[in-house]
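Below, each chain spelled out in residue letters.
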Amino acid sequence: VEPISLGLALAGVLTGYIYPRLYCLFTECCDQKRSLSREALQKDLDSKLFGQHLAKKVILNAVFGFISNPKPKKPLTLSLHGWTGTGKNFVSKIIAENIYEGGLNSDYVHLFVATLHFPHVSNITLYKDQLQLWIRGNVSACARSIFIFDEMDKMHAGLIDAIKPFLDYYDHVDGVSYQKAIFIFLSNAGAERITDVALDFWRNGKQREEIKLKDMEPALSVSAFNNKNSGFWHSSLIDRNLIDYFVPFLPLEYKHLKMCIRVEMQSRGFEIDEDIVTKVADEMTFFPKEERVFSDKGCKTVFTKLDYYYDD
Ligand SMILES: Nc1ncnc2c1ncn2[C@@H]1O[C@H](COP(=O)(O)OP(=O)(O)OP(=O)(O)O)[C@@H](O)[C@H]1O
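Residues numbered from 1 in each chain as written. Predicted model: local features only at pLDDT ≥ 70, side-chain atom pairs only at ≥ 80, totals over all residues. Heavy atoms only, no water.

J.: Could you clarify how one ought to interpret the sheet that holds strand E2 (residues 109–113) in this entry?
T.: Strand pairs in the sheet, formed through backbone hydrogen bonds, run parallel or antiparallel to each other. The sheet built from five strands is open, its strands ordered E2-E3-E4-E1-E5 with parallel pairing. Two strands bound the open sheet, and with one partner strand each, they are E2 and strand E5 (245–249). Averaged over all neighbouring strand pairs, the angle between strand axes comes to 15°, with direction disregarded. Where E2 and strand E3 (residues 146–150) come together, five bridges link them in parallel fashion. In the sheet register, Leu111 faces E3, and the bridge partner there is Ile148. The sheet strands contacting helix H3 (residues 53–68) are strand E1 (76–82), strand E4 (182–187) and E5, and the helix crosses E5 at an angle near 150°. (Pairing = 2+ DSSP bridges. Helix = DSSP H or I, 4+ residues; strand = E, 2+ residues; numbered from the N terminus. Axes fitted to C-alpha atoms, helices over the stretch in contact; angles between N-to-C directions. Contact = heavy atoms within 4.5 Å.)

J.: Quick question: what am I supposed to make of the packing of aromatic side chains here?
T.: The final tally for this structure, using the stated rule, is twelve aromatic pairs. Considering the side-chain rings of Tyr100 and Tyr108, the 5.2 Å spacing of their centres and the 45° angle between planes classify their relative orientation as tilted. Assessed through its relative accessible area of 3%, Tyr100 is described here as buried. Measuring from ring centre to ring centre gives 4.9 Å for Phe112 and Phe149, while their planes differ by 15°; the resulting arrangement is stacked. (Phe/Tyr/Trp six-rings, centres within 6.5 Å; stacked < 30°, edge-to-face > 60°. Buried < 20%, exposed > 50% of the residue type's maximum accessible area, 1.4 Å probe, protein only.)

J.: What is the right way to look at the site of the ligand in this model?
T.: Taken together, the neighbourhood of the ligand is formed by 18 residues, with Phe50, Thr84, Lys88, Asn89 and Lys300 sitting nearest. In the environment of the ligand, an oxygen atom lies 3.0 Å from a nitrogen or oxygen atom belonging to the side chain of Asn188. In this structure, an oxygen atom belonging to the ligand sits 2.5 Å away from a side-chain N or O atom of Lys300. Contact with the protein chains covers 85% of the free accessible surface of the ligand, which is 630 Å². The dominant element in the shell around the ligand, judged by the number of residues it contributes, is helix H4 (residues 88–99), at three residues. The residues that make up the shell around the ligand include at least three from each of domain 1 (38–249) and domain 2 (254–310). (Near = heavy atom within 4 Å. Polar contact = N/O pair within 3.5 Å; in protein donor to acceptor, adjacent residues only side chain to side chain. Areas by Shrake-Rupley, 256 points an atom, 1.4 Å probe, with all protein chains shown as cover. Domains from an automatic or database assignment.)

Here is the structure:
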């Protein structure tokens, strides 16, 4: 081999292979080949997410299966449903952290909150254009982009329709492939029905861990979203089978609140004080009124209540 060709070949290897890897050691990269560790995701879910055996199982299999597939036919679309404060945002954060080191702060993870980012119905046309441009631009820059839409039930139907083309089984839309992207939709739609199922189990003396996904099917069916209290029926996402997984989040019980409080105490650097744990958990409100089984704010406000005990 003559020296010039050898030099060029070496330079090619350096710039094409070694340099990007070196570069990515020091800064975050959109590495579409990065393998997600199933064990690490499972460990995170098992140790951090309380009382959500169904969500854990679906998310682990869905996310791992998708990332391991070199040629997915469509982007992964997860729709997380359940009562407030039960871990929907929290799990999105766990997924993001397992795919990108920066988690929610990564350049490749984008969070939209309906009431914050799209507040005015009169601006829908503008929002639609902006959102489509934003998604297109980001997926062009990084195929493995993650988009999280919070408060999906408050999102205008027009906006949901605007993202529909990106979720479908197209190889390319205007030259961009969306098949490696991940879309996560969060909403409280279906929460009452999910709670009814959980309450039935509780009343019948059964463990919540005995609840199977098929028990939740009626709660997460098209008809369940087809009512005036949930915004999801607006869109044809469900009709057109664009959602891959409906993930139910069960309402949290007293014991789960205690687990959340302990985690928070530890993260603030305090020893776990069971007295305080019980006091804070006792301050929370539960429903139904007579049986007081489920926390009506989930784990959401336990942290501020804890401040009261550590104010000096
Ligand atoms: N199942 C859970 N396991 C462990 N921690 C939880 C769980 N649910 C909630 N938390 C804690 O409570 C915080 C608030 O929960 P999160 O924001 O995930 O609720 P949400 O289901 O998204 O609520 P909303 O529907 O109101 O947006 C989380 O950041 C987490 O610290």
